[in-house]
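Residue-level listing of the chains:
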Amino acid sequence: MAGERAGHSLQATALVNEAYLRLVDVRRINWQNRAHFLAMSARLMRRVLIDAARAKGYQKRGGGAVRVTFLEDLPVAGEPGFDLLAVDDALRALSAVDERKGRIVEMKFYGGLTVEEMADVLNVSPETVMRDWKFAKAWLLRELGDTTA
Amino acid sequence: MTPERWQQIERLYHEALARAASERGAFLASACGGDEMLRREVESLLAQPVSADGPLDGAAAALLSDVATLLAAGTRIGVYVVQGLLDKGGMGEVYRAIDTKLKREVALKVLPSSVAGDAGRLARFQREAEVLASLNHPNIATVHGLEEAGTIRAIVMELVDGETLAARVARAGALPLDDVLSIGRQIAEALDAAHEKGIVHRDLKPANVIVSRGGTVKVLDFGLAKMQPAGDTATGAHTFTVEATREGVVLGTPTYMSPEQARGQAVDRRTDIWAFGCVLYEMLTGRAPFAGGTVTDTLAAVLDREPDWGALSSRAPADLVHLLKRCLEKDSGQRLRDISTAIEMMRGKPVAAVPPPASPASRWIRPVAMAGVLIVASGLAIWAPWRSGTSTREAVRFEVGPTENTAFTVGGAMTVSPDGHWLAFPARGEDGITRFWLRSLDAVDVRALPGTEAGALPAPVSWSWDSRFLLFGANDRLTKIDIHGGTPQALTVDVFGGLNGAAWNRDGEIVLGRLRSGPLLRIAASGGTATPVTALGEGETHHRWPQFLPDGRRFLYLRVSSDPGTMGVYVGSLDTRPDAQSRVRVLASDRQAYYAASPDGGPGHLIFMRESALMAQPFDPDTLALSGDPVAIAEGVDSFPLATYGLFSVSETGTVVYRGGIASRLTPTWFGLQGRPEGTLGERGEYANPAASPDGARVAVARGPSANRDIWILDVARGTSTRFTFDSASDDNPVWSPDGQSIVFSSNRLGQRDLYLKPADGSADERLLFKSNESKVPTSWSSDGGSLLFTTISAKTGDDVWALPMQGEPTPIPIVQAPFQESNARFSPNGRWISYRSNESGTNEIYVRPFTPQDGADTIGARRLVSTGTGWHSRWQPDGKKLFYATMGSQQTVMEVDIDASAGFRAGTPRSLFAGPPSILDYGWDIAPDGKRFLFLATPGDGRTIPFTVMINWAAALKK
């Protein structure tokens, strides 16, 4: 909120709008609380991002520096090996083994929920969320790092 | 991987982490007991960085954004020193810089890291830049070279001072013909020089053309579109225009994209010629030839539709139009091939087919200058005396006041019948009862309509298509009555809160809107059940003010939304499902627009408001296309902002009725707790948002026309007023500090509304207190001085409540941030609670919650609903034991609620105190610090002083 990040992506704005557009039906539901709502929007945000990336015909690339050009007109910067699609695949693998950790990553990474909010949604303590997050992050980083050899 | 294994790994991971790094190896060795795979698994996880700012710690969207850091002034890039930011374009930022060696100013275009970081791309770019640098032409911004510093790569270009063509058109509309030819010729010459060298621009558009003060044109960014990392070079990057909105920047539409680009085919010099045609067209008409609200619509226009050639004919000589048509030929094989042809054509003197217009078409008339000209007591008045009209029928304007035995209601609106014969309006007769009256426009006939007593509320009455029936809300039901007499009949539609527009077509179908949240409904005039005919879109709260278009099936209406990009006038259809109604916005607007047919049968106009001016713009009801430029036809017209209603009405015969002056005739007035006026404060004027000082000795209030509002301070005892802010922007929403020494207010001098702070005695200038991308409105300052509540207006999350710490770090803390509209938050006197308005339940209600900023935004469970029905604008009684708020029902009522916050929080049942004067909600109110009276901005008690103005044949004034 305080101060705009210069160069903040044009797509991010458009994406948030699109994620919200998809929420239009969902909003008829009587939200129990904001955290629940945000968890849903995190999931949608993830779908929006991945859909858009796939719609452009981009595939996860292995090895070497990876750039995902998200929308043609606005270039993408990222860490070498940091590919949105790769993250999504890794996250899927994580969720298959540990659903709660997958949800935490989804909520934190795609939805920006706070630890308290995630604890609220998952009905666990914030400490548990932190623990899960630490481990999940390590696991994901390892998985993603492997692909760039 | 079994679940047990997984848990084992996880457990070991955390246990190892809990130990000192030096001990981990040993711990794992013993804990894994020889299971090598297990040990390697855990160790590989432990090897990952544990920092809290890795790429996964950020937001996913950040992975997409170009993390371009803004260069600060003084940064050195090679021999260049950055002076400041010039522009933030689609492809990185452009800075003004000084060449320290040659002592000249240049423009530095910083390349995005995806290009700069990729050796292959950078090399290719370098080669391109060499070719560009060889382009040496007075109309092409020269590329001096490439420069680098660390990881930053920049293109060094000639710094061109001047205004982009895009800015010029946005500012002044269509250009005079001479300018079009001069600028067009220079662009053509630039293109010609580049094409000679085999360089294609690929992204020519008004934003890439700069016109210097002397009239010299420079075309920028030649060939740079090819530098994009896009794998697909056919659809160049920049063909998507970028639009700036109040909330930030959004991706625009491919307005200048050629058909072959849209089809993904190869791009060559003919693409530039297409774009050139677009630019010429836009210079001549003030609008791009292919513009749609969405990407799809724009592309459809580019591929399938012809531009509105009619918009040109009176302005451009025939051969220029011919050139345009050849440039905008959709088949690139048929298109003009060589730009040099265009140069020749534009060098010659124009053959004027039609004399140029006496004055540029688009002009915003300054309200102050206009005010005196318009209103004439009675009889004929020729409007717009500076236009030398040769029209045969002139526009006639006259005022309509109440007759001898009647009085208008202060908030009443007058509507004209479709056939132009009648005016309908609420008025109070000799018997003291307010009901609807009719007044004939072509005969001496003024009469009351018995049976309409229950409906004569501020909401304007609507007409049936045959001008025979009136539609209004009475007893919360949609009611119709034959104007020739008869009993009113109620239809089974609940219009609690107020009817906000009803349209009745030839087929006997009625479409209606309501003051309270919801879409438009439809119902048969003969009766039946009402069903929705539109559906609220994302962020929308109301659909209102429908009007049928001539085909009787489609209708105009207003979508009210928190998102300024969505709010506006749309076209719906009775033959379309509610959720399939068109989302193409016809007109961005904060109030309704009506279609006024042209009496001679041609395409008519859309009549709408901008600030307090009534505007007309040509509109084709078949193609739904606006064309030309809007022209102001009246000034100082009033509105009901909450109802998003401008006080004007149009007939099908060329008559427009409007009412002006309410907003400028407000008087700050004290009202006792029983609702009786107790005295005024200051003179009549255009006020908003009064705020009493904590000691009750002064009142701060915003004053003046909304575009240029300032804060004034009224002295309660002496009745004098002193101006407090002087900026030419709109300063509003004053909030006093608890010690009465300072005032916080909002001002849009930097674009969006930011918070400013100034000593209340005016001893120093205001300073910017807090700035951010979204517009903000301050609402309340806690009694301990520690926090300032303010509302942010965000398209993404709706209005939200934040608190700004007034001591220490001025970093705002979100207080209520649900995906609904929360606003108007006020501290309780002891600062422990806040009341605010939220529409989470579907209607606006008042809630109270504990103020615990340390808990972060929103502990939903802790909020309590206080109002019943609807609630706006709460105010605490100074002893904290009562909360007052206003309702927005069929009347605007002040309610009071007993509050018991001694142990926990309890609110009693709201009681109605009194019905406030109309418009108290529209302009703001406050409670005196002694809790004994309210300060409202009252409209004149004597409604007789505000007449209506009727304008007959208004369109005649537009013709030349």
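Residues numbered from 1 in each chain as written. Chains lettered and ligands numbered in written order. Predicted model: local features only at pLDDT ≥ 70, side-chain atom pairs only at ≥ 80, totals over all residues. Heavy atoms only, no water.

**With respect to the packing of helix H1 (residues 3-18) of chain B against helix H2 (residues 21-32) of chain B**
Residues and elements named next belong to chain B. At their nearest, the axes of H1 and H2 sit 9 Å apart, and the two run at 150° to each other. Between H1 and H2 lies a crossing whose hand is right-handed. Where H1 approaches H2, its residues Leu12, Glu15, Ala16 and Leu17 are matched on the opposing element by Arg24, Phe27, Leu28, Ala31 and Cys32. A class-by-class count of the residues in the contact of H1 with H2 yields 7 nonpolar, no polar and 2 charged. (Axes fitted to C-alpha atoms, helices over the stretch in contact; angles between N-to-C directions. Helix = DSSP H or I, 4+ residues; strand = E, 2+ residues; numbered from the N terminus. Left-handed = near helix turned anticlockwise from the far one by under 90°. Contact = heavy atoms within 4.5 Å. Nonpolar A, V, L, I, M, F, W, Y, C, P; charged D, E, K, R; others polar.)

**Considerations on the pattern of salt bridges**
Residues and elements named next belong to chain B. One pass over the full model with this rule turns up 44 salt bridges over all chains. Note that Arg553 is salt-bridged to Asp575, the shortest N-O span being 2.7 Å. With a gap of 22 residues between them, Arg553 in the loop between strand S26 (540-548) and strand S27 (554-561) and Asp575 in the loop between strand S28 (568-573) and strand S29 (587-588) connect regions that are remote in the sequence. On the accessibility criterion, Arg553 (22% relative accessible area) is partly exposed. The salt bridge partner of Asp715 is Arg718, with a shortest N-O separation of 3.1 Å. Residue Arg718 is classed as exposed on the basis of its relative accessible area of 65%. (Salt bridge = Lys/Arg side-chain N within 4 Å of Asp/Glu carboxyl O. Buried < 20%, exposed > 50% of the residue type's maximum accessible area, 1.4 Å probe, protein only.)

**What about the packing of aromatic side chains?**
Residue and element names in this part refer to chain B. Tallying each qualifying case throughout the model produces 26 aromatic pairs over all chains. With 6.0 Å between their ring centres and 85° between their planes, Phe548 and Phe555 make a pair best called edge-to-face. Each member of the pair Phe548 and Phe555 is classed as buried. Ring centres of Phe934 and Phe936 lie 5.8 Å apart, and the angle between their planes is 15°; on these two criteria the pair is classed as stacked. Residue Phe934 is classed as buried on the basis of its relative accessible area of 0%. Across from the ring centre of Trp712, 4.6 Å away, lies the NZ or CZ of Arg703, which sits over that ring. The cationic tip of Arg933 hangs over the ring face of Trp670; the distance from NZ or CZ to the ring centre is 3.9 Å. (Phe/Tyr/Trp six-rings, centres within 6.5 Å; stacked < 30°, edge-to-face > 60°. Lys NZ or Arg CZ within 6 Å of the ring centre and 35° of its normal.)

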